[in-house]
Amino acid sequence: MTAAERRSAGDGSRGSSDGSSSEDSGASSRGRRPEPEPGLDLVTFGETMARLENPVVGPMRHARTLDLGVGGAESNTAIGLRRLGGTAAWFGRVGDDEFGRLITTVLAGEGVQLGHTVVDRSAPTALLFKERRSGTLTRVQYYRTGSAGSRLRPSDVPHDLIRSARVLHVTGITAAISGTARQALDDAVETARDAGVPVSLDLNYRQALWTPAEAGECLRNLAKRADLVFATEEEARLVVPADGARPASSPDDLAGLAASLAALGPRDVLIKRGAAGAVALCEGRLHVQPAHSVPVIDPVGAGDAFAAGYLAEFVRGRPVAERLDTATAAGAYAVTVRGDWEGLPSRADLDLLKSAEDTVTR
């Protein structure tokens, strides 16, 4: 399919009451796509799942109740950017079930635009189970084979919406969940590149979805087409050959890893180090950013918060130092609260973290 054909393709899904589209089993959709909102800061897409979490520490099998929520790397980032004052749209597929309705309700409630999200009537919404096995260890198990989200396909990609964005944010998870989702990811990235829209890529390797060799080749190809890349050290080493940088043990060593990743093409490379902060090679300059010291309640979603904070300042044209400040502050807030996105901060929260010396404000 040519670029022109990709841009003109679409399934014309019928609109539903929550602003998402609806699709009958395997059939072409009818009607017109909603018109894109002009000048969105962020467009992102992927699979968001219903999250079932053991509310207490211990094996899941001993839980008598489970907390219900939602989680997905891309939608977490969209919520994070929205809370920091930006505008964001998310698209993907959810099932025509209560879990799918929960997802669209939560995202719409957070101000994320959903006009191009498809309700798939022939596949269920995926589930993730989150278990706090100990006070310091969290385990996540996915039930996503054959899910609505994995059925994402190129005809679901809203090209005009992507062209209107200040940045397109994608993750490696979408490439891993199915072949059609990977095709949709490639289509979206090429649409953004053709339109001059910066592409942000969070590698987000999930070992349950593919092997390191499979992931490394695909993520390397994506990194070559991205403008900004977020990665942990381990994820970066899937993309950069072992002899491309020295084994990392300090920020100075990580600089070589970031440089090897930047040599593929991205202008900003951000190596996330959790409680150790971040090492970033942005626009040719190295930055070493310390993390905030906070009690860690739940580490899941911290990387998405970091990306949201960085991108919230990136789309505003703020300096790299300010982007990193907001990114690390957002990550700090995220880990202090249970849930994948619930602790994401507002602008007022950022100011509070910088200035408050007491534990109680009045």
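Definitions and limits used
- Residues numbered from 1 in each chain as written.
- Predicted model: local features only at pLDDT ≥ 70, side-chain atom pairs only at ≥ 80, totals over all residues.
- Heavy atoms only, no water.
- Core = buried A, V, L, I, M, F, W, Y, C linked by side-chain atoms within 4.5 Å.
- Buried < 20%, exposed > 50% of the residue type's maximum accessible area, 1.4 Å probe, protein only.
- Helix = DSSP H or I, 4+ residues; strand = E, 2+ residues; numbered from the N terminus.
- Contact = heavy atoms within 4.5 Å.
- Phe/Tyr/Trp six-rings, centres within 6.5 Å; stacked < 30°, edge-to-face > 60°.
- Pairing = 2+ DSSP bridges.
- Axes fitted to C-alpha atoms, helices over the stretch in contact; angles between N-to-C directions.
- 1 Å grid on protein atoms, 1.4 Å probe; cavity = no way out; pocket = protein on both sides within 12 Å on 5 of 7 lines; lining within 4 Å.
- Points joined across faces, edges and corners; volume = space filled by probe spheres on them.
- Nonpolar A, V, L, I, M, F, W, Y, C, P; charged D, E, K, R; others polar.
- Parallel < 35°, antiparallel > 145°, perpendicular 65-115°, else oblique.
- Left-handed = near helix turned anticlockwise from the far one by under 90°.

**Description of the nonpolar core**
1) Next: Formed by 50 residues in total, the largest nonpolar core has its most connected members in V43 and L168.
2) Next: A per-element tally of this core places helix α6 (residues 179-195) first, with 6 residues.
3) Next: Once residues lying within four places of it in the same chain are set aside, the contact partners of V43 are A89, F91, L161, I162, A165, V167, L168 and H169.
4) Next: V119, L228, L270 and L311 belong to the second largest nonpolar core, which has 39 residues in total.

**Here's the deal with the packing of aromatic side chains**
1) Next: Here the structure, examined in full by the defined rule, presents 4 aromatic pairs.
2) Next: Summarising the aromatic geometry, the rings of F129 and Y143 are spaced 5.5 Å apart at their centres and angled 80° between planes, so their arrangement reads as edge-to-face. Here F129, found in strand β9 (residues 127-132), pairs with Y143, found in strand β10 (residues 138-143); they are 14 residues apart in sequence, far enough to count as distant.
3) Next: For F129, a relative accessible area of 22% gives the class partly exposed.
4) Next: Under the relative-accessibility criterion, Y143 is labelled partly exposed at 47%.
5) Next: Aromatic pair F230 and Y310: ring centres 5.8 Å apart, planes at 80°, arrangement edge-to-face. Taken as a pair, F230 in strand β13 (residues 228-232) and Y310 in helix α10 (residues 302-314) lie far apart in primary sequence, 80 residues in all. With respect to burial, F230 and Y310 carry one shared label: buried.

**Thoughts on the sheet that holds strand β4 (residues 49-53)**
1) Next: Here 4 strands make up an open sheet; going across it, the order is β5-β4-β9-β10 and the pairing mixed. Each end of this open sheet is capped by a strand with a single partner; those strands are β5 (67-71) and β10. The mean angle between the axes of side-by-side strands here comes to 25°, regardless of whether they run parallel or antiparallel.
2) Next: Here 5 bridges tie β4 to β5, and the two strands are oriented antiparallel to one another.

**Some thoughts on the layout of surface pockets**
1) Next: Considering only enclosed or pocket space, the largest pocket measures out at about 1,300 Å³ in volume.
2) Next: The wall of the largest pocket is formed by 47 residues, among which P299, V300, G301, A302 and G303 lie closest to the centre.
3) Next: Listed by contribution, the elements that provide at least two residues to the lining of the largest pocket are α2 (73-83), β10, α8 (233-239), α10 and α11 (320-335).
4) Next: By residue class, the composition of the lining of the largest pocket is 20 nonpolar, 15 polar and 12 charged.

**Description of α2**
1) Next: In terms of burial, α2 is largely enclosed, as 9 of its 11 residues are buried.
2) Next: Among the residues of α2, those classed as buried are A73, E74, S75, N76, T77, A78, I79, G80 and L81.
3) Next: Downstream of α2 by a residue or two, G85 has a phi angle that is positive, lying close to 100°.

**Points about the sheet that holds strand β6 (residues 88-91)**
1) Next: Spatial strand order, β6-β3-β11-β12-β13-β14-β15-β16: 8 strands in an open sheet with mixed pairing. Looking at strand neighbours, the two that pair on one side only are β6 and β16 (285-289), the edges of this open sheet. Ignoring strand direction, the axes of neighbouring strands in this sheet form an average angle of 15°.
2) Next: By the bridge criterion, 5 bridges tie β13 to strand β14 (residues 268-272) in an arrangement that is parallel. Across the sheet, F230 pairs through a bridge with L270, a residue of β14.
3) Next: Helix-sheet contacts for α10 involve β3 (42-45), β11 (167-171), β12 (199-202), β13, β14 and β15 (278-282), and the interaxial angle to β13 is about 155°.

**A word on the packing of α2 against α10**
1) Next: Their axes nearest at 8 Å, the elements α2 and α10 cross at an angle of 45°. Relative to α10, α2 is oriented oblique. The two elements α2 and α10 meet at a crossing, and its hand is right-handed. Every residue of α10 that contacts α2 at A73, N76, T77, G80 and L81 is listed here: D304, A307, A308, L311 and A312.
2) Next: Residue composition of the contact of α2 with α10, by class: 6 nonpolar, 3 polar and 1 charged.

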